[in-house]
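Overview (structure and organization)
This is what each chain is made of:
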Amino acid sequence: MTTPDLGLMTTKEVAALIRKTPHAVRQMRHRGIGPRGTKVGRDVLYPRAGVLAWLAALEQADPLAQRSAA
């Protein structure tokens, strides 16, 4: 029996995606500037759609990214 893919990412997977360390991702979450995650037992899981939306919001807020897109 296989478990369905709910689109959840671990801290390590998020870190690999944004090319940061897992510690940096934990710090960003703690400070409220990282993607939203949910604590499940001892782990934190991040919805993939939420992580991608967080990245898109960062890009929208970056004035240099806006100039290069124009």
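All residue numbers here refer to positions counted from 1 along the written sequence of the relevant chain. The model is predicted, so local features are restricted to residues of pLDDT at least 70 and side-chain atom pairs to those at 80 or more, both for listing and for counting; the totals for chains, interfaces and linings are taken over all residues. Values reported for side chains reflect all heavy atoms of the structure, with hydrogen atoms and water molecules removed beforehand.

Quick notes on helix α1 (residues 11–18)
Heads up, the rule is: Exposure classes here rest on a 1.4 Å probe applied to the protein chains alone. A residue is buried below 20% of its type maximum, exposed above 50%, and partly exposed in between. Helix and strand labels come from DSSP, where a helix needs a run of H or I of at least four residues and a strand needs a run of E of at least two; each type is numbered from the N terminus. The directions from the helix axis to the C-beta atoms are what the arc is built from. For this analysis, residues touch if any pair of their heavy atoms sits within 4.5 Å.
Buried within α1 we find T11, V14, A15 and I18. The buried side chains of α1 occupy one side of the element, clustering within an arc of 100° when seen end-on. Of the residues in α1, the exposed ones pointing more than 90 degrees away from the buried face are K12 and A16. In this fold, the buried residues of α1 make contact with β1 (8–10), α2 (22–31), β3 (43–47) and α3 (48–61). Positive phi shows up at R19, right after α1, with a value of about 60°.

Side note on the sheet that holds β1
Under the convention used in this document: Strands pair, by our definition, only if DSSP identifies at least two bridges between them. Only the stretch in contact is used when a helix axis is fitted, and all axes are lines through C-alpha atoms; the angle between N-to-C directions ranges over 0 to 180 degrees.
Sheet architecture is open: three strands sit in the order β1-β3-β2, paired in antiparallel fashion. Either end of the sheet is taken by a strand with one partner, and the two such strands are β1 and β2 (38–40). Averaged over all pairs of adjacent strands, the angle between their axes in this sheet comes to 45°, without regard to strand direction. As paired elements, β1 and β3 share three bridges and run antiparallel to each other. Along β3, the bridge assignment pairs L8 with P47.

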